[in-house]
Number of protein chains: 2
Amino acid sequence: MTRRTPAKVGSPLSEVDTPALIVDLDALERNLEVMAKAVEGTGARLRPHAKSHKCPEIGRRQMALGAVGVCCQKVSEAEAMVAGGINNVLVSNQVVGKPKLDRLAELGREAWVGVCVDDAGNVDDLNVAAARARTKLTVLVEIDVGAGRCGVPPGEAAVALAKHVRASEQLRFGGLQAYQGRAQHIRDFGERRRAVEAAAILTRQTVHALAADGLSCDIVGGAGTGTYAFETATGIYNELQVGSYVFMDADYGRNLGADGGPIDDFEQSLYVYTTVMSRPAGERAYVDAGLKAFSVDCGMPTVLDLDGATLERASDEHGALILSRPDGGPKLGDKIRLIPGHCDPTVNLYDWLVGIRGDRVECLWEISARGAVL
Amino acid sequence: MTRRTPAKVGSPLSEVDTPALIVDLDALERNLEVMAKAVEGTGARLRPHAKSHKCPEIGRRQMALGAVGVCCQKVSEAEAMVAGGINNVLVSNQVVGKPKLDRLAELGREAWVGVCVDDAGNVDDLNVAAARARTKLTVLVEIDVGAGRCGVPPGEAAVALAKHVRASEQLRFGGLQAYQGRAQHIRDFGERRRAVEAAAILTRQTVHALAADGLSCDIVGGAGTGTYAFETATGIYNELQVGSYVFMDADYGRNLGADGGPIDDFEQSLYVYTTVMSRPAGERAYVDAGLKAFSVDCGMPTVLDLDGATLERASDEHGALILSRPDGGPKLGDKIRLIPGHCDPTVNLYDWLVGIRGDRVECLWEISARGAVL
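Cut-offs and rules
Residues numbered from 1 in each chain as written. Chains lettered and ligands numbered in written order. Predicted model: local features only at pLDDT ≥ 70, side-chain atom pairs only at ≥ 80, totals over all residues. Heavy atoms only, no water. Buried < 20%, exposed > 50% of the residue type's maximum accessible area, 1.4 Å probe, protein only. Helix = DSSP H or I, 4+ residues; strand = E, 2+ residues; numbered from the N terminus. Pairing = 2+ DSSP bridges. Contact = heavy atoms within 4.5 Å. Axes fitted to C-alpha atoms, helices over the stretch in contact; angles between N-to-C directions. Polar contact = N/O pair within 3.5 Å; in protein donor to acceptor, adjacent residues only side chain to side chain. Buried area = accessible area lost by both parts, 1.4 Å probe. Salt bridge = Lys/Arg side-chain N within 4 Å of Asp/Glu carboxyl O. Nonpolar A, V, L, I, M, F, W, Y, C, P; charged D, E, K, R; others polar. Expected span 1.5 Å × (residues − 1). Least-squares fit on C-alpha atoms with pLDDT ≥ 70 in both. Domains from an automatic or database assignment. Right-handed = clockwise from strand over helix to strand, strands pointing away. Phe/Tyr/Trp six-rings, centres within 6.5 Å; stacked < 30°, edge-to-face > 60°. Lys NZ or Arg CZ within 6 Å of the ring centre and 35° of its normal.

Observations regarding the pairing of strand β10 (residues 270-281) of chain B
All names here are of chain B. For β10, the tally of buried residues reaches 9 of 12 residues, placing the bulk of the element in the interior. Sheet analysis places strand β1 (residues 20-24) next to β10, joined by 4 bridges and oriented antiparallel. Paired with Leu21 across the two strands is Val272, which belongs to β10. Note that β10 and strand β15 (residues 335-339) share 4 bridges and pair antiparallel. Its bridge partner lying in β15, Thr274 is registered against Ile336. Across 3 bridges, the pairing between β10 and strand β11 (residues 284-287) is antiparallel. Looking at the pairing, Val276 lines up with Val287 of β11. Here β10 hands over to β11 after 2 residues, the two strands then running antiparallel side by side.

Next comes the structure, spelled out in structure tokens:
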């Protein structure tokens, strides 16, 4: 089924049908440029994470501004990016099972493809798949540098696994994946920096231990929007896998900067555009967006365009606004922007991203990796 | 972009790629039959809610078992159902704004279409849209019977709005929408019943007040999977808008029956099928399903196929299993079923529903209203 588009190019914003995912193109472009500038001269490269935008058009813009490639979390996401013209994709995740490994290896015939491992048996499976596809794949060993998620322990275990990769004929050892995911949303600036510095110590020790065995790391990858400046400063990370910076969200908005105020590296560019559909009582209003229009895993969206209003709860297709000034409240049909609590799973709910410049719809971009979980 | 299917018809379950949304067809069919039997001879009709399954194939099966039509929450959902062969759709929600009203009215030329209202201006807009499309629409007045969401107050306000509908040339007054949404997940049986009984008193008073003004209610709609037996017993509700009963979920599984034990009217038929993708430590394992593969607004999914394991947290593409027996834990590549916390927004993440009979893939059903928010 063809998915209905919520807007026509050239229309005013007010005519965008709702709920819709809209992006302020000026803010998006500034975010892309700020991040590109932030890495200039640091020795680190940008490899932005496409899991945030799932949109090849944005990936191509990141590449045009100097990114060496993108990251993806799923093979199907990587396929969508390659189909959209991105020729360099790191799957910054484990890929398990023959069907996915075969697809990954096939993709390696069309583009530069890397993948992460934390298991020797999985390395063997990757090697077999690459042989079947007559291709070579680049493999990063993932180490757990404090996130407590996937990855082998830093040091010895990582060296052993890297040697196993080196011994695999169809695989190239590419370096380390050392993402400190838990650090991204530590609110306090100093605490967030210390978490990354601790990760960097473990990463550096592992890089040195690998070097002692003749294994050099072309890629030492990690970092996110909450910590990229810290990884860059360590001098050991050389690829930054930042994702959310293109859009930002309410959760990142709660991180604090060095001065104790909110971080302000990037601007909010992404909104869920909604319509007031019911005004049952003076202090309440309902918008036409609920759990199928935004993700609530990091809390409710923040309400714009309506002073002092909060989104108190959501059901599947309703969002309940509590108004601070009942009498001057919104009318039926009024359109209101929400800042999603968490951008990544919110973007994944939509087929189209509506690009807004000033007050006009400038473009409709397909979120072609929406739902790409396989 | 064509969405990749996770399975081939005829394959064993173990070959379904993950994450995938799978349904146990035997359990689904029993659920459909149990509900159809539950309304037999009660005077109430079934109008199941398609917002839960978003899948015309399931809607057609509900119709074949006696449903008079389906409910939808969005015009685009209704369009998908009509395109899928369902000729009777109630949008059990307010529809606001010209583009949507025009589409709704157009749909009224192809199928029986009803819609809910709680605002006189919206009634006028509906009337204009129906005139433009040269069709007539059936309109239910929504009353707030304790859910505290949309709807006018029961009694006088409802009568006034119903008269306004009657005075609108292109609209037919069809009755009342009296859904007690908050009652659905009240855990205690008696308390849940009392909430519906209180709603029924308000509904009955409103039906009588309307009758006194010569307005008869063809439809008195409401009820959900948590309370349908109570609405049926009141004798005032005549259309049951049950949705989740086809699938069930962990949240409904926490409701209690009359004996204080878990409710057992329906069986769990829906699962998110996942693969173990990382085994970093004895007590932890990661599956390849996270916030983009299940909704967490009603809590984490329940883990099957792995004694005593719990899903402790989820990131975008990872689910963290905590194992009770680390040594006998799962191997990389093992496949595990999860019961989603909340079925509706979980279904909305997938393009395909994989139908399983015994150990085989029997069918792939398109979730054609997935993402239908407009």
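With respect to the sheet that holds strand β6 (residues 137-142) of chain B
Across a sheet, strands are paired by hydrogen bonds formed along the backbone, either parallel or antiparallel in direction. Residue and element names in this part refer to chain B. In spatial order, the strands read β2-β9-β8-β7-β6-β5-β4-β3; together these 8 strands make up an open sheet with parallel pairing. A single partner strand is all that each edge strand has here, and the edge strands are β2 (45-46) and β3 (70-72). Two elements, β3 and strand β4 (residues 88-91), share 3 bridges in a ladder whose sense is parallel. Opposite Cys72, over in β4, you have Val91 as the bridge partner. Each of β4, β5 (112-117) and β6 is contacted by helix α4 (residues 98-107), which is oriented at about 145° to β5, the strand it contacts most. Across the sheet, helix α7 (residues 189-212) lies against β7 (171-177) and β8 (219-222), angled at about 150° from β7, the strand it touches most.

What about the side chain of Gln241 of chain A?
All names here are of chain A. Structurally, Gln241 can be placed in the loop between β9 (239-240) and β10 (270-281). A polar side-chain atom of Gln241 sits 2.8 Å from a polar atom in the side chain of Gln177. Residue contacts for Gln241: discarding those within four places in its chain leaves Arg47, His49, Cys71, Leu90, Ser92, Gln177, Gly221, Gly222 and Ala223.

Comments concerning the interface of chain A and chain B
Listed per partner, the contact involves 61 residues of chain A and 62 residues of chain B. Interface of chain A and chain B: buried area, both sides summed, is about 5200 Å²; carbon and sulfur atoms make up 51% of it. Taken together, the connections running from chain A to chain B amount to 12 salt bridges. Lys100 of chain A is paired through a salt bridge with Asp288 of chain B; the nearest N and O atoms lie 3.9 Å apart. Taken together, the links from chain A to chain B amount to 30 residue pairs in polar contact (both at pLDDT 80 or more). When contributions to the side of chain A that touches chain B are tallied by element, the ones reaching two or more residues are α3 (75-83), α4 (98-107), β10, β11 (284-287) and α9 (343-347) of chain A. In terms of residues, the side of chain A that touches chain B owes the most to one element, β10 of chain A, which gives 5 residues. Residues of the side of chain A that touches chain B, tallied by class, amount to 19 nonpolar, 16 polar and 26 charged.

Quick notes on the pattern of salt bridges
Residues and elements named next belong to chain A. For the coordinates displayed, the defined rule picks out 58 salt bridges over all chains. For Asp351, the salt bridge is made with Arg370, and the minimal N-O distance between the two is 3.4 Å. You can see Asp351 sitting in the loop between α9 and β16 (352-357) and its partner Arg370 sitting in the segment after β17 (360-366), a full 19 residues away along the chain. Across the pair, Arg370 and Asp351 agree in class, each one buried. If you follow the salt bridges from partner to partner, you end up with Asp26, Glu29, Glu57, Arg60, Arg61, Arg357 and Glu362 in one network.

Here we look at helix α1 (residues 25-39) of chain A
Residue and element names in this part refer to chain A. Between its first and last C-alpha, α1 extends 22 Å over 15 residues, near the 21 Å set by a 1.5 Å rise per residue. Turning to α1, its buried residues number three or more, namely Leu25, Ala27, Leu28, Asn31, Leu32, Met35, Ala36 and Val39. Sitting at the amino-terminal end of α1 is Asp24, which places a side-chain oxygen 3.1 Å from the backbone nitrogen of Asp26. Two residues or fewer after α1 comes Gly41, characterised by a positive phi angle close to 75°.

Section: the relation of the copies chain A and chain B
By a simple turn and slide, chain A fits onto chain B: the slide is 0.0 Å along the axis, the RMSD is 0.0 Å, and the turn is 180°. The two molecules are tied by a two-fold rotation axis, judged by turn and shift. In this assembly the copies share their binding face: 100% of the residues contributing to the interface of chain A also contribute to that of chain B.

Things to note about the domain arrangement of chain A
Residues and elements named next belong to chain A. What the domain assignment lists for chain A is domain 1 (13-20 + 264-366) and domain 2 (25-251). Domain 1 and domain 2 are separated by 33 Å when their C-alpha centres are compared. Counting from both sides, the interface comprises 24 residues of domain 1 and, opposite them, 28 residues of domain 2. Regarding the contact of domain 1 and domain 2, the summed buried area is about 2200 Å², with carbon and sulfur atoms giving 57% of it. Area buried by domain 1 at its contact with domain 2 is led by Phe266, Glu267 and Trp365, which between them contribute 33% of it. One can count 4 salt bridges joining domain 1 with domain 2. One salt bridge in this structure joins Asp344 and Lys51, with 3.0 Å as the shortest N-O distance. Across the contact surface, domain 1 and domain 2 share 16 residue pairs in polar contact (both at pLDDT 80 or more). Elements that contribute at least two residues to the side of domain 1 that touches domain 2 include exactly α9, β16 and β17.

Regarding the pairing of strand β8 (residues 219-222) of chain A
Residue and element names in this part refer to chain A. Here β8 shows two buried faces, one formed by Ile219 and Gly221 and the other by Val220 and Gly222. As paired elements, strand β7 (residues 171-177) and β8 share 3 bridges and run parallel to each other. Looking across to β8, one finds that Gln177 is bridged to Gly221. Taking the sense of rotation as the criterion, the β-α-β connection linking β8, helix α8 (residues 228-234) and β9 turns out right-handed.

Description of the packing of aromatic side chains
Taken as a whole and judged by the stated rule, the model has 6 aromatic pairs over all chains. Aromatic side chains Phe189 of chain B and Phe230 of chain B sit 5.1 Å apart centroid to centroid with 75° between the ring planes, which places their arrangement in the edge-to-face category. Placement of the pair is Phe189 of chain B in helix α7 and Phe230 of chain B in helix α8 (residues 228-234), with a sequence separation of 41 residues. One aromatic cluster is present, built from ring pairs that chain together Tyr228, Tyr245 and Phe266 of chain A. The ring of Tyr271 of chain A carries Arg337 of chain A above its face, with NZ or CZ at 4.8 Å from the centroid.

A short note on helix α3 (residues 75-83) of chain B
All names here are of chain B. By the criterion of burial, α3 is predominantly enclosed, with 8 of the 9 residues buried. Among all positions of α3, only Val75, Ser76, Glu77, Ala78, Glu79, Ala80, Met81 and Val82 are buried. As for α3, its buried residues are in contact with α2 (56-64), β3, β4 and α4.

A closer look at the sheet that holds β9 of chain A
All names here are of chain A. Reading across the sheet, the 8 strands line up as β2-β9-β8-β7-β6-β5-β4-β3 and stay open at both edges, with parallel pairing between neighbours. Pairing within the sheet leaves two strands with one partner each, and these edge strands are β2 (45-46) and β3 (70-72). Summarising the sheet, strand β5 (residues 112-117) and strand β6 (residues 137-142) pair through 4 bridges and their orientation is parallel. Pairing of Val117 across the sheet is with Val141, part of β6. The sheet contacts of helix α5 (residues 120-132) involve β5, β6 and β7, and relative to β5 the element is tilted by about 160°.

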